[in-house]
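If you want the building blocks of each chain, they are given just below.
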Amino acid sequence: VTDEVKNISYSFNNSYSVSTSVDITAKVTYDKEIYDKMFSLKITDSQGNSVTNDCDSFGIVNFDTIDYNDVDGNYIYEVSQVNTNVNKVGYDTNTFKVVVTLLNDGKGHLSSTIKYYNKLNEEVSSIIFNNEYVPNGLIINNVNTSDYVDTSKVFKYKLSVTDSVVGTYVVKDT
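Residues numbered from 1 in each chain as written. Predicted model: local features only at pLDDT ≥ 70, side-chain atom pairs only at ≥ 80, totals over all residues. Heavy atoms only, no water.

1. Here's the deal with the packing of aromatic side chains
Move 1: Enumeration over the complete set of coordinates arrives at four aromatic pairs.
Move 2: Relative to Y75, the ring of Y68 lies with its centre 4.9 Å away and its plane at 50°, an arrangement referred to as tilted.
Move 3: A ring pair is formed by F96 and F129, whose centres lie 5.1 Å apart and whose planes are at 85°; its orientation type is edge-to-face. You can see F96 sitting in strand β9 (residues 95-104) and its partner F129 sitting in strand β12 (residues 128-130), a full 33 residues away along the chain.
Move 4: Given a relative accessible area of 8%, F96 falls into the buried group.
Move 5: A residue is classified by how much of its surface remains accessible, and F129, at 0% relative accessible area, is buried.
Move 6: Taking the ring centre of Y133 as reference, the NZ or CZ of K32 above it sits at 4.5 Å.
Move 7: Lying across the ring of Y117, K97 places its NZ or CZ 5.2 Å from the centre. (Phe/Tyr/Trp six-rings, centres within 6.5 Å; stacked < 30°, edge-to-face > 60°. Helix = DSSP H or I, 4+ residues; strand = E, 2+ residues; numbered from the N terminus. Buried < 20%, exposed > 50% of the residue type's maximum accessible area, 1.4 Å probe, protein only. Lys NZ or Arg CZ within 6 Å of the ring centre and 35° of its normal.)

2. Here's the deal with the side chain of N131
Move 1: Examined against the element boundaries, N131 turns out to sit in the loop between β12 and β13 (132-133).
Move 2: According to the relative accessible area criterion, N131 is buried, its value standing at 2%.
Move 3: Within the structure, N131 has its side chain in polar contact with the side chain of Q81 (distance 2.8 Å).
Move 4: Apart from residues lying up to four places away in sequence, N131 is in contact with V28, T29, Y30, D31, F39, Q81, V89, G90, Y91 and D92. (Polar contact = N/O pair within 3.5 Å; in protein donor to acceptor, adjacent residues only side chain to side chain. Contact = heavy atoms within 4.5 Å.)

Interpretation note: all reported values are geometric properties and have no functional meaning in isolation.
Okay, structure coming up:
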């Protein structure tokens, strides 16, 4: 028989982690045909980090999947359109807020919900940028196509220009 005492220690290293990912998608419309990479959208996080992605031929923009690990909370992003100076396009200048809410249930599940808000902070079901066709050049309305021409008005005209920033203004009035 011995009186020797042995000290035995055990160490346990438990870990717990959960993760989830979200995909954010937006759409761009245009009055004419859309081609691949015609329009670009930018998503910016709350730290100012941004990524720009181009649309496909259907106007769909798929942003890179965003992965989250362990953390509850709200993550806020802004989606805006990049003016790529495509000829004859009136760009939609709206911005959208995206709020991703994460909830860790403590049982191995991290759930996510995504909500979209327009610039008036109203909840919307999706992100859609509506671009318009803007013709260049002179547009003449009310052209006389009859055989009768009033010679007193032949050389009188009013030329107006419509600008998306300034509005309509008269260039020349005779």
